[in-house]
Amino acid sequence: MLTRPRNSKLIYVLGVCGLAAIFSSTLAKTPTLPLFASHLGAGDALVGWIAAASTIPGILMSYLAGACSDRYGRKRILFIALFIFATAPFLYLLVETPLQLAAVRFYHGFATAIFVPVAMAAIASLSDNRKGEMLSFYSSSTLIGRAAAPFAGGILLAVWGFPGVFLTCALTGVMAMVIGSSFWSGAGEDDLPKAGGQEAQPTEKFLGNLRTLLGHRQLLLVGSLEAAVFFSYGAFEVLLPLYARQQFLEIWHIGIIMGLQLAGVIVFKPLFGRLSDQIGRMRVILAGLAVCAVSVGGLTFWSSLAGILTLNIGFGLGFAMVTSSTRPLAAETARKGQIGASLGILSTLMDIGQAAGPPAMGIISALLGYQTAFLVLAMILSAAFLSAAAAKNK
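These remarks concern the structure in this document. (Residues numbered from 1 in each chain as written. Predicted model: local features only at pLDDT ≥ 70, side-chain atom pairs only at ≥ 80, totals over all residues. Heavy atoms only, no water.)

### A word on the overall build of the chain
Helix and strand content of the chain: 14 helices and zero strands. Listed N to C, the secondary structure of the chain is α-α-α-α-α-α-α-α-α-α-α-α-α-α in terms of helices and strands. The proportion of buried residues among the 394 residues of the chain is 56%. Considering only contacts within the chain whose residues lie at least 6 apart along the sequence, 84% involve residues at least 24 apart. (Helix = DSSP H or I, 4+ residues; strand = E, 2+ residues; numbered from the N terminus. Buried < 20%, exposed > 50% of the residue type's maximum accessible area, 1.4 Å probe, protein only. Contact = heavy atoms within 4.5 Å.)

### Some points on the packing of aromatic side chains
Inspection of the entire model under this criterion finds 16 aromatic pairs. Each ring, one from Phe85 and one from Phe115, has its centre 6.0 Å from the other, and the planes form 80°; the classification is edge-to-face. Of this pair, Phe85 sits in helix α5 (residues 74-92) while Phe115 sits in helix α6 (residues 98-126); the two residues are 30 residues apart in sequence, bridging distant segments of the chain. A single burial state applies to Phe85 and to Phe115, both of which are buried. With centroids separated by 4.7 Å and ring planes inclined at 10°, the aromatic side chains of Tyr92 and Phe166 adopt a geometry described as stacked. (Phe/Tyr/Trp six-rings, centres within 6.5 Å; stacked < 30°, edge-to-face > 60°.)

### Considering the side chain of Ser276
Counting through the fold element by element, Ser276 comes out in helix α10 (residues 251-279). Under the relative-accessibility criterion, Ser276 is labelled buried at 2%.

### As for the packing of helix α4 (residues 56-72) against α6
When two helices pack together, their arrangement is captured by the angle between the axes and the distance separating the axes. Relative to each other, α4 and α6 sit at 40°, their axes nearing to 8 Å. Relative to α6, the element α4 lies oblique. α4 and α6 meet at a crossing whose hand is right-handed. Two secondary-structure elements touch here, α4 through Ile56, Pro57, Gly58, Met61, Ser62, Ala65, Gly66 and Ser69 and α6 through Phe106, Gly109, Phe110, Ala113, Ile114, Pro117 and Val118. Counted by class, the contact of α4 with α6 contains ten nonpolar, five polar and no charged residues. (Axes fitted to C-alpha atoms, helices over the stretch in contact; angles between N-to-C directions. Parallel < 35°, antiparallel > 145°, perpendicular 65-115°, else oblique. Left-handed = near helix turned anticlockwise from the far one by under 90°. Nonpolar A, V, L, I, M, F, W, Y, C, P; charged D, E, K, R; others polar.)

### Comments concerning the nonpolar core
Counting 97 residues, the largest nonpolar core has Phe115 and Phe374 as the members making the most contacts within it. The element contributing the most residues to this core is helix α9 (residues 217-246), with 15 residues. Not counting residues within four places of it along the chain, the set of residues in contact with Phe374 comprises Phe236, Leu239, Leu240, Tyr243, Val296, Gly297, Leu299 and Thr300. Within the second largest apolar cluster, 22 residues are counted, among which are Ala28, Leu40, Val165 and Cys169. (Core = buried A, V, L, I, M, F, W, Y, C linked by side-chain atoms within 4.5 Å.)

### A short note on a nonpolar patch on the surface
On the surface, Phe90, Leu91, Leu93, Leu94, Leu167, Val174 and Val178 cluster together to form a nonpolar patch covering roughly 600 Å² of accessible area. Those elements that provide at least two residues to the nonpolar patch are α5 and α7 (131-184). In this structure, Leu93 sits in the loop between α5 and α6. (Patch = residues over 30% accessible without salt bridge, like charges linked within 9 Å, V, L, I, M, F, W, Y side chains within 5 Å. Areas by Shrake-Rupley, 256 points an atom, 1.4 Å probe, with all protein chains shown as cover. Salt bridge = Lys/Arg side-chain N within 4 Å of Asp/Glu carboxyl O.)

Here you go:
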């Protein structure tokens, strides 16, 4: 029987913090970043490198942030992330060259790299046997911020220009830090426990922890599944609009299609998380991988508006199924004193997968066409399904 989390208030406030923080960081990126970089004189290739600057901290820092939160407590590390969310937007107002913009993006990237795995570790520690539901609630909260930012950014750019966008980023970043400070000031370490309520081992070295984690087969399996689905998601997010345009769909059709996918993820992810709490993580993961593979592969054969709309929504639901279950599974399989580090490893693998998907599938689509690229993605997801099924049956 599912029980009420022992401190649900902190979980919900972390969700609000995540919504405001991710809204702020996404507002600085979509659609603002490429337009601002071009305004500064950057060419297309340089714009790509500037955009990539914020993803590097995620690969470098997610494990370290999670491990530090195991050792020193969640509150301190989360506050560092919220401080960066609050201060980075002001630096955009001082930028005059593309190189300066890349440096600010690199600094801003540390905020998400630190906040996401540590917030997930805190929520997992507080959720008892409702980890899937609560982690999915947090993820849906951040997705709301991510989805709202492009709409707000377009309006702000039209009305107030770049300064208006960056000042709004700063306002919401500061808001996230204030919300966090207001409840952390009254929260003890029992409310945001280290390592899921267990004391972290003070003499344990970070590199030793990393070697231990890299030998944790179940964690690496979960991480590889997360990487595969985010590899596909990153590629799908880029390829589908281009493929839809090739099929002569109107731009507003494409906007509706992509918006419905994201709306489906936001609405259904907590429900799938609760389902995984009740029937088991791997069952939901396997179902999600199968739905993703069928949806992506189906685009090769069903390319009408109805087909693209249906299969796109299907992919979003499959994506929600997988990601609602991988993170609580990683938290549950984490070894003593390593829940933050384990979720940090998971975030690192996710970032690697999401960063690699668009360029890899972009090359394949350029050489062999979109339909071949979708078939390759379906094969990757099918391989992930078979790996998960084999592990479940052991």
